[in-house]
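Architecture and fold: a report
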Amino acid sequence: MGCKRVLELYHCVDARSFRALWALEEMGLDYRLHILPFPPRLFAPEYLKLNPLGTIPLLIDGEARMTESAAIPPYLATRYGPSPLAVGMDEPDYPLWLDWLHRSEATLTFPLTIVLRYRQLEPVERRQPQAADDYSQWFLSRLRHLTRALQDRQWLCADRFTMADLCVGYPLMFASSLGLDHKFSPEINDYWARLSSRPAFIAAQAAQAKVTAALNAPSDDQSRP
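It should be emphasised that the depicted structure is a prediction, and the values quoted were computed from it without experimental measurement. (Residues numbered from 1 in each chain as written. Predicted model: local features only at pLDDT ≥ 70, side-chain atom pairs only at ≥ 80, totals over all residues. Heavy atoms only, no water.)

1. Some details on the sheet that holds strand E3 (residues 58–61)
- Reading across the sheet, the four strands line up as E2-E1-E3-E4 and stay open at both edges, with mixed pairing between neighbours. In this open sheet, the two edge strands, each paired with only one partner strand, are strand E2 (31–35) and strand E4 (64–66). Sheet twist, expressed as the mean angle between neighbouring strand axes with direction ignored, is 15°.
- Across three bridges, E3 lies against E4 in antiparallel orientation. Directly across from Asp-61, in E4, lies its bridge partner Ala-64.
- Against the sheet, helix H1 (residues 18–27) makes contact with strand E1 (7–11) and E2, and its axis sits at roughly 150° relative to E1, the strand it touches most.
- Packed on one face of the sheet, helix H8 (residues 199–216) meets E1 and E2 and runs near 55° to E2. (Pairing = 2+ DSSP bridges. Helix = DSSP H or I, 4+ residues; strand = E, 2+ residues; numbered from the N terminus. Axes fitted to C-alpha atoms, helices over the stretch in contact; angles between N-to-C directions. Contact = heavy atoms within 4.5 Å.)

What follows is the structure, encoded as structure tokens:
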């Protein structure tokens, strides 16, 4: 038998690449995790040799290279399936599954990146409170569709947890870190509680914490008096 392939994931803590990390844990796949400072294009220039965009995630699977966080979970579910985390083309909710996968990034995550930039990342003199407030409201208005979708179901597609739920879970995690979770509807609060209590979500958080702790641990030379 040949050697079992180990996938490699380049990741920043709690960034979009968390989708890929969580998906790897949901699938039970072997992987090697590389933690980078955020944003890596500024603080880890050597990374540009692997990904000229300087963005995360970067998933390396043999000859395959993937850099879109909402594309990696369905790729893993289909490439390493069959898995109930994917919705098949023969299932009625296949179009809905695709729609939520793309909506998770283009509609729900994008406005939060503007909020983060103009409320926290830019130098104080370049921050734009009005832009941050406007894009917060954009996110919350789009989130109403998620509330409607959850009024008669626990999960978004096919009566089960799928990679669409995982991908939509990331902007809820992101919004919580920005202090917007107090505006979640009861349906979304309950949904987020279901997502964040999944063993694979908890394992992904533990994995990034473990690697980060190892990177921050003093070397033998540094620890000597």
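2. As for the pairing of E1
- Counting buried positions over the five residues of E1 gives four, a clear majority of the element.
- Relative to E2, E1 runs parallel, the two being bridged by five bridges. Paired with Tyr-10 across the strands is His-34, a residue of E2.
- One crossover worth recording links E1 to the parallel E2 by way of H1, and it is right-handed.
- Summarising the sheet, E1 and E3 pair through three bridges and their orientation is antiparallel. Looking across to E3, one finds that Glu-8 is bridged to Ile-60. (Buried < 20%, exposed > 50% of the residue type's maximum accessible area, 1.4 Å probe, protein only. Right-handed = clockwise from strand over helix to strand, strands pointing away.)

3. Quick look at the pattern of salt bridges
- Under the criterion given, the structure shown has nine salt bridges.
- Notably, a salt bridge pairs Asp-99 with Arg-103, separated by 2.7 Å at the nearest N-O pair. Taken together, the positions of Asp-99 and Arg-103, both in helix H4 (residues 94–121) and four residues apart, correspond to about one turn of that helix.
- Between Arg-117 and Glu-122 there is a salt bridge, and its shortest N-O distance comes to 2.6 Å.
- Under the relative-accessibility criterion, Arg-117 is labelled partly exposed at 37%.
- Salt bridges linked by common partners bring Arg-16, Arg-19 and Glu-105 together as one network. (Salt bridge = Lys/Arg side-chain N within 4 Å of Asp/Glu carboxyl O.)

4. Brief notes about the side chain of Thr-109
- You can see Thr-109 is positioned in helix H4.
- A polar contact of 2.7 Å, which involves the side chain of Thr-109, links it to the backbone oxygen of Ser-104.
- Non-local contacts of Thr-109, meaning those with residues more than four positions away in its chain, are made with Arg-16, Arg-19, Ser-104, Tyr-170, Pro-171 and Phe-174. (Polar contact = N/O pair within 3.5 Å; in protein donor to acceptor, adjacent residues only side chain to side chain.)

5. Quick look at the side chain of Ser-17
- By secondary structure assignment, the location of Ser-17 is in the loop between E1 and H1.
- Within the structure, the side chain of Ser-17 is placed 3.2 Å from the backbone nitrogen of Cys-12, a separation counted as a polar contact.
- Among all residues touching Ser-17, those that are not within four sequence positions of it are Leu-9, Tyr-10, His-11, Cys-12, Ile-56 and Pro-57.

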